[in-house]
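Next come the chains, spelled out residue by residue.
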4 protein chains.
Amino acid sequence: MIIVLKPGTTQSDADEIIAKIDALGLKSLYMPGTERTVLGALGDERLIGQLHLENDPRVEEVKPILAPYKLVSRELHPHDTVVTIGKASVGGDRFLVVAGPCAIESRAQLHDTATAVKSAGAGALRGGAFKPRTSPYSFQGLGYEGLALLREVARELDLPAITEVVEARDVAAVVEHADALQVGARNMQNFQLLKELGGCGKPVVLKRGMAATIEDLLLAAEYIVSEGNPDVVLCERGIRTFETATRNTLDLNAIPFIKHTSHLPVLVDPSHGTGRRELVAAMARAAVACGADGVMIEVHRNPAEALSDGQQSLFPQQFADLMRSLRPFVTAVGKTL
Amino acid sequence: MIIVLKPGTTQSDADEIIAKIDALGLKSLYMPGTERTVLGALGDERLIGQLHLENDPRVEEVKPILAPYKLVSRELHPHDTVVTIGKASVGGDRFLVVAGPCAIESRAQLHDTATAVKSAGAGALRGGAFKPRTSPYSFQGLGYEGLALLREVARELDLPAITEVVEARDVAAVVEHADALQVGARNMQNFQLLKELGGCGKPVVLKRGMAATIEDLLLAAEYIVSEGNPDVVLCERGIRTFETATRNTLDLNAIPFIKHTSHLPVLVDPSHGTGRRELVAAMARAAVACGADGVMIEVHRNPAEALSDGQQSLFPQQFADLMRSLRPFVTAVGKTL
Amino acid sequence: MIIVLKPGTTQSDADEIIAKIDALGLKSLYMPGTERTVLGALGDERLIGQLHLENDPRVEEVKPILAPYKLVSRELHPHDTVVTIGKASVGGDRFLVVAGPCAIESRAQLHDTATAVKSAGAGALRGGAFKPRTSPYSFQGLGYEGLALLREVARELDLPAITEVVEARDVAAVVEHADALQVGARNMQNFQLLKELGGCGKPVVLKRGMAATIEDLLLAAEYIVSEGNPDVVLCERGIRTFETATRNTLDLNAIPFIKHTSHLPVLVDPSHGTGRRELVAAMARAAVACGADGVMIEVHRNPAEALSDGQQSLFPQQFADLMRSLRPFVTAVGKTL
Amino acid sequence: MIIVLKPGTTQSDADEIIAKIDALGLKSLYMPGTERTVLGALGDERLIGQLHLENDPRVEEVKPILAPYKLVSRELHPHDTVVTIGKASVGGDRFLVVAGPCAIESRAQLHDTATAVKSAGAGALRGGAFKPRTSPYSFQGLGYEGLALLREVARELDLPAITEVVEARDVAAVVEHADALQVGARNMQNFQLLKELGGCGKPVVLKRGMAATIEDLLLAAEYIVSEGNPDVVLCERGIRTFETATRNTLDLNAIPFIKHTSHLPVLVDPSHGTGRRELVAAMARAAVACGADGVMIEVHRNPAEALSDGQQSLFPQQFADLMRSLRPFVTAVGKTL
C-alpha cells in the first residue's frame, strides 16, 4: 500500500505513521520527495486496511497495490472453475445456454416455453417466481406457487432449473426447488442474502448490479465464496449509462476482463442487456465471441402476452434460430454447447 | 397513453389494438399519419399498462402521459407532508439536521459523538448497527448489540434515533429501537423490505440508490406508502457517474425537482454525496439553499479512528462550525432549525 | 408530435395552440383526458419543431414520434451503404480491418508498423498526425510533417490511408494526403468541422463522442450527409461510464441498433473501447459477431516505446494472431475480409 | 510515481526499469513484496511520464502521485485569481451574475432582454452568435451579424459582453466584439481552439464538457494558461448521467472541489445544468451557497418564442425575482454582487 502525505506534513508525522505500520509487523518505506512525502507499507493489504490510514487528516491519498478480492482471483487459483448445475455444467470448455420466461405466469405458459427451449437445445431452464419490479403496480410473480411449478416442469422435461431468490429468509425454500439460485442485479449488494447463499449448498448465479463496477461484482462473489460456497457463476446483464436507445448498456468488456482476473465462469444476459428483442441474437453471438461461458435468454411462448419484460423476450422460433446461429461461433472459440 | 405503430402496420392491425383498448372501457384514438400510425388510449394508465402493448411486435413505442407513481405525487396531494420522528419533525418549514457516526463502534464512541452533535444543535441522531460493506473483509457493524447501544444513548440524551435496516426479517426488532428506519442506497429496490416497512408503523428514511433515477426513488416510496405507511422521508445521497474526484455525484437538481413533483420531505446526505470531509460543509449549505428539508451528516468523535467512512466524517468541531454556518441559509429560505 | 398540456390548462389555451399547428398546414388533434389534455400534430416534425412548443409554459412535455435524423435513416434508404476508401470498401458484405499506430512518430516507426499490418492482412492504414491530448504536456503529433509521411508510406505500400482532422481549416490539406478523414470522439460535435467535411469529397470516419448517445452520433452524421457527402462511416469507440477497470465502456449494443436504424456502415475501435492491450482481440471478435462492418486497431512496431496510447496498442505479432482468429467469425457472419 | 510490476517479473526486469529512471536523473526506489514488486520514481512526474512505463508489458499499473496540471493548481498559486471582464470582475469576494439570451435572434430581442437583465442587476451580458446544435435542422445562430449586434447593444447599455467562439479561425474576430470569450461544453477539448485562446489577450470562460472529469477541465484550462493567458474562468454546467428528469446533472460537488484545488474562479450555469426553467432559481442559490464565484443564467424577453433552449430560459420577471432572492445568500458567503 502506498500512502501519500499532504504537503506540509512533518517528519514526526511521518514517523508516527511509520510506527503504526511497523507495529503490525509490516515492512514500511519512507520516500521523501520535493512535493510530497510518500510512505509504503508492504505485506497483507487487508491487515494494513485495519489502520484506516485514509481517514487520517495528514494523509492525502492511499493507493492499494493489490485487488481487494482474493478467493475469486485467478492469481490464487489459475485454473477455470467449472460449475455443475444439475446435469449441465458451465466454465472451461462448456458453453451453457439458459433460457425460459422472465416470470412464471402459469403451468401452461411455463411448460410450453420450456418445451420449446429444450427442443431448440437450451441446457437449462430459467423462470422467476419472485419478481422485483420497479413499480408496486406491476406483476410481482407467483411466489411459492411459481417455485412449485418450476420444480414440476423442470423435472418433467429433465432440465436443470435456475430461479431468483430475493430474500435471505427464502433461501432454504428455493434451494428445495431449483438447481441453481440467481441473485438479481438489484440484490447484488444485499450482503445478508449473499452470506446466506454462502452456506446454501447449491450453485449461485450472481448478476452484476446496474451501478456495480467489475470489482464490486467480484467482491460480491467473494462474500459467497468466503462463506464456503465455491460454485459461483457471474453474469453480466448491462449497466446503467446515459444511453437510452437500449434499456441497459451491455458491458462486454467485462467478459475478457473477468476471464483474465478471475477463475469463475461468466454468463451474459443479452435480454436485459439490451431490453429489445431485435438486438438479443446479435449480442448473444458477441458474448460467445468475446469469451463468455454461456448466455441467459428470455423466451416466452407468446411475448405479446408476457406479464413482464415482453419487449425483450424472444418468440420460440426466434430462439431456435438463435441457437442455430450460435453454433459456428461456439465452435470458433473452441467450446462445446 | 400514446402508442406508435411500426411502419407497414395495416389498418386491421390498428383496429385489433383499438378493440383491446375499447374493451377495457377506455377511450381510444386513431391518428393515421404519413410516416406512422399513432393510437391514443385515454384513461387510467395503470389499467392500460395491463395490455402490455409495448410487447406487441407491431408496436414501435409506447409513450405514457402520466407519471407511474400516484400516492407520493404532489398532484394528488398538493400540501407538504411533515413527518414526525420522535420529538423532531421534517418537512414544511422545519429543517432537520441528523448527525452521528456512520457505524456504532462502542458505547463510548457513540456517546461521545452523540453528545457533541447534540450540543452543536443536531435534531436527531444517526448511527448504523448493520453495515452493508462492499468487501466481506470490512467491519460489518455490531448488529443487535449496536441497536441496543443506540436506543440507550438516544434515550439518555433525549435525541430521536435513526438507524438502517437491511432485511425484512429485522424490521420488527429495529422498530423497537429506533424512531425512524433508514433504507440504504443498496436496498432502495429491495421490494420485500419496502413492503415490510409499509406496515411497520414508524417513519422511513429512504435513500436514493446509486443507479436510481428520481422516478425510481419515487416508485420505491410508492411501495411503502401504498402498503399503508405515509411517513416517508426521501434522501439524496449521490449517484454513480464517471467522475472519480468525489465518491459520488450529489444530484442536487433532484431536490427542487422532487419538491415540485412530490409532497414528501427530502433530506440531503453530503457525507456520502461527496465522500470527502473537506467538501461536506459547502454541500450542506447548498442543500439548504436549493430547498432540502434537512441534511444528514456523518460525525465521529475521532474520524482518524473510524471503522467505516472516516474520510467523509467530520470532527466534532467541524460539525459545530457547520451548524453555525448553516443558520443564515436556513433563515434565508424561510425555515427554522 | 404529441403535446401534453399542464394540468389546469384551459380550453382556450388548447385552442390557441391548435390554431398554431393548423396555421402550419399540419393536422391537429385534441384529446382531452381526465388528468391531462393531450394535443397531436401530424405531419413533418421538423416543421412542427419550428413552433418550439416545448418552450410554452402551458406545455408539460413534447413527445416526438419520428427520429430527428432522416438522410442517414434506413427507413428512407433501406439498402446498406458501401463506402469506398481508396481500393478498400466497407459496408454490405465487406469487412474492413483498419490498423496502424495511434500517432505517427517517425518515418521508420510508421513504415515498420504499416509493413507489419499489411503483411498480416489489414485493408487500410491508420495513423494520427494531429493528436488531441488531454494534457498540454503530452506529445501533440507531428502535424503536417506526419501527414506527408503517411501519404508517402501509404503509397509505397499501396494501402488506403485514414487520418484524423481536428479543425475545419485543415480539411483541405488533409484531403490531399488521405483516402478518408477521421473525426475523433472529442470533435464529434464540432459542427463547423462536420459542415466542412460535408463538402470535402472524401469519405469520413465519424467516431462516437464519449458522452454521445447513438441519436447524437446519427445527427452528427446527418450534418455531413446533409451538406452533400454521403460517404460516412460510423465508429463505436466506447463511452464514458462509472466503470474504471477499462478506459471506456465499449457499447456494442450500438452496432445492431445502428444496423437496424441506419444504412451507414459502422466500425468498432476496441483499442480505445477497452484501453488495454490484452482485451483488444476478444472485443474485435465480438464486434464481428454482432454485425460490425469492420474494426480499427492500434498497432505499434514496439508499443513499449509508443508516444501515445501504448497500453492499448498491439505488438505486430499480436495483430497477426488477431487477424487469424477473426477469419472464422467473419465467415460465420457471411462477410469477406 | 509508483510503478507496480506484474507478478513473475524478474530482478533483472526491475533493474532495467530502475536504470531508465536513474538515467533521467530521478531518484528510484525498489520495493520487493511477497505478491508484487513495486518501484518508485521521485521527482518531476512529467519527466517520468516521458518514459511511458505504462506501455511496458512487464508493468501492471503506474500510479502518479501528483496532479497532472500545475499552473492552474492552488498548490503553486495559493491566492484566488480575480478575472476582470470589462468593468466587471469575478473571483475573490466578487460574485458575478451573467445573464442574457441563449442565442441572439434579432436586435430587438437582444436589446429588450439585455435591458431587463441590466435593470434587475446582472453584471454582464451573455448571448450566442454561433450556436452548436445537435441537429443540423435547428437554428444555427446569426454568426457575424449576431456578434455585431452584441457589441452594439452591450456598448449602448454599458454591460460587459461574453459570447461563445466555436473555431480557432474565428478567435480574432470574436475578440473584437466581446469582453470575454466562452468555450462551450462541446469544445472543451478542442485543443486547437484552446491554444489559440492562450494568445488572444481577453478572458476565457471555459465550460466543462458533458463527459469531462474535473481533472479534464483543469487540464483544458492548463492549455490556455500555459499558452500565456492567465485569465480563465471555469464554468460547471452539468454532466451527462443516466438521470433523464433533468437535461444534465449539475455537479455542484465540483465547486468546492475546484476551490480547494485551483485558484481560478468558477461559475455555475444552472440553465444548462437543469434544462428546466422551474429549477433554475433553486440551483442558482445552491451555487452561491457552495462557493461559486458567479452564475450564468439564460433569460429571454419571451421564452415561449425562443429559437433555442427556451425551456430553460427565464422570463424577465423570473430573473428579477431570482436576483432578489440571491442577495441574502451572497451576503451569507461573505461576497458582494
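Residues numbered from 1 in each chain as written. Chains lettered and ligands numbered in written order. Predicted model: local features only at pLDDT ≥ 70, side-chain atom pairs only at ≥ 80, totals over all residues. Heavy atoms only, no water.

Caption draft 1: A look at the interface of chain B and chain D. Across the boundary between the two partners, chain B contributes 37 residues, which contact 37 residues of chain D. Taken together, both faces of the contact between chain B and chain D bury some 2800 Å²; the carbon and sulfur share is 73%. Where chain B packs against chain D, one counts two salt bridges. Salt-bridge contacts for Arg208(D) lead to Glu243(B); the nearest nitrogen and oxygen are separated by 2.7 Å. One can count eight residue pairs in polar contact (both at pLDDT 80 or more) joining chain B with chain D. Elements that contribute at least two residues to the side of chain B that touches chain D include exactly α8 (254–261), α9 (270–274), α10 (277–289) and α11 (316–332) of chain B. (Contact = heavy atoms within 4.5 Å. Buried area = accessible area lost by both parts, 1.4 Å probe. Salt bridge = Lys/Arg side-chain N within 4 Å of Asp/Glu carboxyl O. Polar contact = N/O pair within 3.5 Å; in protein donor to acceptor, adjacent residues only side chain to side chain. Helix = DSSP H or I, 4+ residues; strand = E, 2+ residues; numbered from the N terminus.)

Caption draft 2: Focus on the interface of chain B and chain A. The interface is formed by 46 residues belonging to chain B together with 45 residues belonging to chain A. Where chain B abuts chain A, roughly 3900 Å² becomes buried across the two surfaces, and 52% of that area is made up of carbon and sulfur atoms. Along the contact surface separating chain B from chain A lie four salt bridges. We note a salt bridge from Arg169(A) to Glu196(B), for which the minimum N-O separation is 3.3 Å.

Caption draft 3: Fine view of unusual backbone geometry. Here the phi dihedral of Asp309(B) falls at roughly 55°; this positive angle occurs in a residue that is not glycine. On the secondary structure map, Asp309(B) appears in the loop between β14 (294–298) and α11.

Caption draft 4: Just the relation of the copies chain B and chain A, in detail. Mapping chain B onto chain A leaves a residual RMSD of 0.0 Å; the transformation is a rotation of 180° accompanied by 0.0 Å of translation along its axis. The transformation relating the two chain copies, once decomposed into turn and shift, fits a two-fold axis. No C-alpha of chain B lies nearer the rotation axis than that of Ala211(B), which sits 2.6 Å from it. Counting the interface residues of chain B, we find that 98% of their copies in chain A are interface residues as well, pointing to one common contact surface. (Least-squares fit on C-alpha atoms with pLDDT ≥ 70 in both.)

Caption draft 5: Structural context of the sheet that holds strand β3 (residues 37–42) of chain A. All names here are of chain A. Strand order in the open sheet formed by four strands is β2-β3-β1-β4, with antiparallel pairing between adjacent strands. Only two strands of the sheet have a single neighbouring strand rather than two, namely β2 (27–32) and β4 (59–63). Strand-to-strand, the axes of this sheet are offset by a mean angle of 20°, without reference to chain direction. Pairing of β2 with β3 involves six bridges; the strand directions are antiparallel. Within β3, the position partnered with Lys 27 by the bridge is Leu 42. Lying over the sheet, helix α1 (residues 11–23) contacts β1 (2–5), β2, β3 and β4, oriented at roughly 160° with respect to β2. (Pairing = 2+ DSSP bridges. Axes fitted to C-alpha atoms, helices over the stretch in contact; angles between N-to-C directions.)

Caption draft 6: Seen up close, the sheet that holds strand β1 (residues 2–5) of chain D. Residue and element names in this part refer to chain D. The strand order across the open sheet built from four strands is β2-β3-β1-β4, with neighbouring strands paired in antiparallel fashion. Two strands close off the open sheet at either side, each with one partner strand: β2 (27–32) and β4 (59–63). The average angle at which neighbouring strand axes cross in this sheet is 20°, direction not considered. Where β1 and β4 come together, four bridges link them in antiparallel fashion. Within the sheet, the bridge partner assigned to Leu 5 lies in β4 and is Val 59. Against the sheet, helix α1 (residues 11–23) touches β1, β2, β3 (37–42) and β4, its axis set at about 160° to β2.

Caption draft 7: Highlighting the pattern of salt bridges. Residue and element names in this part refer to chain A. For the coordinates displayed, the defined rule picks out 100 salt bridges over all chains. Here Asp 293 ties to Lys 259 by a salt bridge, and the two come within 2.5 Å at their closest N and O atoms. Taken as a pair, Asp 293 in the loop between α10 (277–289) and β14 (294–298) and Lys 259 in helix α8 (residues 254–261) lie far apart in primary sequence, 34 residues in all. A network of salt bridges, in which partner residues are shared, links Asp 13, Glu 16, Asp 56 and Arg 58.

Caption draft 8: Quick peek at the pairing of strand β9 (residues 161–164) of chain A. All names here are of chain A. A two-sided burial pattern is seen for β9, the buried positions comprising Ala 161 and Thr 163 on one face and Ile 162 and Glu 164 on the other. With two bridges connecting them, strand β8 (residues 124–126) and β9 associate as parallel partners. Note that in β9 the partner of Leu 125 across the bridge is Ala 161. Across three bridges, the pairing between β9 and strand β10 (residues 180–183) is parallel. Each bridged residue has a counterpart across the sheet, and for Thr 163 the counterpart in β10 is Leu 181. (Buried < 20%, exposed > 50% of the residue type's maximum accessible area, 1.4 Å probe, protein only.)

Caption draft 9: Local environment of the packing of aromatic side chains. All names here are of chain B. Enumeration over the complete set of coordinates arrives at 10 aromatic pairs over all chains. Arranged with centres 4.6 Å apart and planes meeting at 25°, the rings of Phe 191 and Tyr 223 form a pair that is stacked. Here the residue Phe 191 occupies a position in helix α6 (residues 191–197), and Tyr 223 occupies one in helix α7 (residues 214–226), the gap between them amounting to 32 residues. Judged on exposure class, the residue Phe 191 and its partner Tyr 223 are both buried. (Phe/Tyr/Trp six-rings, centres within 6.5 Å; stacked < 30°, edge-to-face > 60°.)

Caption draft 10: Region of interest: the confidence of the model for chain A. Summarising the model, chain A shows a mean pLDDT of 95, and 100% of its residues fall at 70 or more. Interface predicted TM-score (ipTM) for the complex: 0.95; the corresponding pTM is 0.96. (pLDDT = per-residue confidence, 0-100.)

Caption draft 11: Up close: the pairing of strand β7 (residues 96–100) of chain A. All names here are of chain A. Judged by how many residues are buried, β7 sits mostly within the fold: five of five residues are covered. Both β7 and β14 contribute to a ladder of five bridges, which runs parallel. Looking at the pairing, Ala 99 lines up with Ile 297 of β14. Inspection of the sheet shows β7 paired to β8 by two bridges, in the parallel sense. Bridge pairing in β8 places Val 98 opposite Ala 124. After leaving β7, the chain enters helix α3 (residues 107–120) and then returns to the sheet as β8, a path that is right-handed. (Right-handed = clockwise from strand over helix to strand, strands pointing away.)

Caption draft 12: Region of interest: the side chain of Thr37(C). Inspection of the secondary structure assignment puts Thr37(C) in strand β3 (residues 37–42). Discounting chain neighbours no more than four positions away, the residues touching Thr37(C) are Ile3(C), Val4(C), Leu5(C), Tyr30(C), Met31(C) and Pro32(C).

Caption draft 13: α10(B), seen in detail. Residue and element names in this part refer to chain B. Burial analysis of α10 places 10 of its 13 residues in the buried class, which makes it a mostly covered element. Those residues of α10 that fall on the buried side of the exposure criterion are Arg 277, Leu 279, Val 280, Ala 282, Met 283, Ala 284, Ala 286, Ala 287, Val 288 and Ala 289. Downstream of α10 by a residue or two, Gly 291 has a phi angle that is positive, lying close to 110°.

Caption draft 14: View of helix α1 (residues 11–23) of chain C. Residue and element names in this part refer to chain C. Here α1 contains 13 residues, and its C-alpha end-to-end distance of 18 Å stays within 8% of the 18 Å for a straight helix at 1.5 Å per residue. Within α1, the full set of buried residues consists of Asp 13, Ala 14, Ile 17, Ile 18 and Ile 21. Take α1 and look down its axis: the buried residues cluster within an arc of 130°, on one side only. (Expected span 1.5 Å × (residues − 1). Arc of directions from axis to C-beta.)

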